[in-house]
Amino acid sequence: MAAIIKANYDTNRTYLRDVIPLGAPYSISLEVTRVCNIRCNYCFQSIDGSKKKELGFEARHIDLKLIETLAEQLKKFPNKIKSMRICGMGEPLANPQFEQIMNILKSSGKVEDISFFTNALLLTHERTQNLLNSGMDRMLISLQGLNAEKYKEVCGADISFEKLINEIKYFYDMSRSTNVKLHIKIADISLKEGEDKKFIDLFGNMADEVFIGTTVPMFKSVEYSNKIMQKSNQYGVEPENEFEVCPQPFYMLHVQANGDVNPCCDYFKPVVGNIIDTSIYDIWNGDRLYEIRRMLLEFKRKAIDYCADCPSKNLIVHHKEEHLDDCANEVLANIKKAKISNV
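Procedures and definitions
Residues numbered from 1 in each chain as written. Predicted model: local features only at pLDDT ≥ 70, side-chain atom pairs only at ≥ 80, totals over all residues. Heavy atoms only, no water. Helix = DSSP H or I, 4+ residues; strand = E, 2+ residues; numbered from the N terminus. Buried < 20%, exposed > 50% of the residue type's maximum accessible area, 1.4 Å probe, protein only. Pairing = 2+ DSSP bridges. pLDDT = per-residue confidence, 0-100. Contact = heavy atoms within 4.5 Å. Salt bridge = Lys/Arg side-chain N within 4 Å of Asp/Glu carboxyl O.

Visitor: So what about the environment of Ser115? Which residues, and what values?
Guide: Looking at the secondary structure, you find Ser115 in strand 4 (residues 111-118). Its relative accessible area of 0% is what places Ser115 among the buried residues.

Next comes the structure, spelled out in structure tokens:
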């Protein structure tokens, strides 16, 4: 088997307590579209259209000019962004300008590694060639089953599973002459009992990494079945200990398709600015994000809008290097000192 069995996060991490405040976020996630070609039953996209509208959700692609604006704004940071991940509430390949977006971001010279999440159903031979020439570093495919019947059950889509496999294999074969890596994962609820080995055998020779992920209840608006219970995070790891100080606002940002910026992996709130009227550099160093960090370090998470009942608190991986509870006072002193010196 060519692939290794590995989750899609980096285990080579720095202790946040030693580097906060950061001059630039380590990671930026970017939503290039809110259009999706399938409706997975555990995803926000599965809910009724009227409910989406009520929640303020608008199906749209990001404007290419907004990408150009973001790329220009990144140049103000003293350091490169270590990782930019294209993800969010839509399928990136549904955006017809996706390859241009990747090229603009990579050409900025301010992003070390750029990757994107996809269901791969819109992959074609031509698209593969365009993607491999776009400047991307990694593609992460999320599968919803090992046959067409399972796809119909999980996401209501009629697909050709044979075509999907052929396109994935073509991408992998073509990527061998480049530095682009391919990660393939499947949700645990998309496998029948005993199909773990079948997944590994089927895709182990057409990827660099493969993984079986745990499906977790990530969205407040989605009614989850009893099959999807919060027993661990999405990588099947049970948290070693509880934490109150969420580390995400200290090292990452998320940019929505409309330009709104979130300080964490939540795709909606809280919003700390919009890159249309405020540069992402100024948002990162601004008062709104500073206040969120301060309140977290003062153990006032429940007083922050949306953070109080955050559905993601125990669903993502928080490595020991990111835990700040036992050094909150020290870190708070550091960010206050930096705030004063920047005034």
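Visitor: Any chance you could break down the pairing of strand 6 (residues 181-187) for me, citing the residues and the numbers?
Guide: The element strand 6 is largely enclosed, with a buried count of five among its seven residues. Two elements, strand 5 (residues 138-143) and strand 6, share six bridges in a ladder whose sense is parallel. Of the residues in strand 6, the one forming a bridge with Met139 is Leu182. Note: strand 6 against strand 7 (residues 209-213), five bridges, orientation parallel. Paired with His183 across the bridge in strand 7 is Glu209.

Visitor: So, the confidence of the model for the protein chain: which residues are in play, and what are the values?
Guide: Across the protein chain, the average pLDDT comes to 88, with 87% of residues at 70 or higher. Here residues 226-230 is modelled with pLDDT under 50, and outside its nearest four sequence neighbours on either side it reaches 11 contacts, counting other chains as well.

Visitor: Any details on the pattern of salt bridges? Residues and values, ideally.
Guide: Inspection of the entire model under this criterion finds 20 salt bridges. A salt bridge links Asp201 to Lys197; its shortest N-O distance comes to 2.6 Å. Of this pair, Asp201 and Lys197 both sit in helix 7 (residues 196-203), four residues apart, which is roughly one turn of that helix. On the basis of relative accessibility, which here comes to 57%, the residue Lys197 falls in the exposed class. A single salt-bridge network, built from bridges that share partners, covers Glu291, Arg294, Glu298 and Lys300.

Visitor: Describe the environment of Leu93, naming the residues involved and giving the relevant values.
Guide: Locating Leu93 in the fold gives a position in the loop between strand 3 (81-86) and helix 3 (98-107). Of the residues examined, Leu93 reaches a relative accessible area of 3% and is grouped as buried. Taking the C-alpha atoms as reference points, Leu93 and Leu122, separated by 29 residues in sequence, lie 6.3 Å from one another. For Leu93, the residues in contact, after removing those within four places along its chain, are Phe98, Phe116, Thr118, Leu122, Leu123, Arg127 and Leu131.

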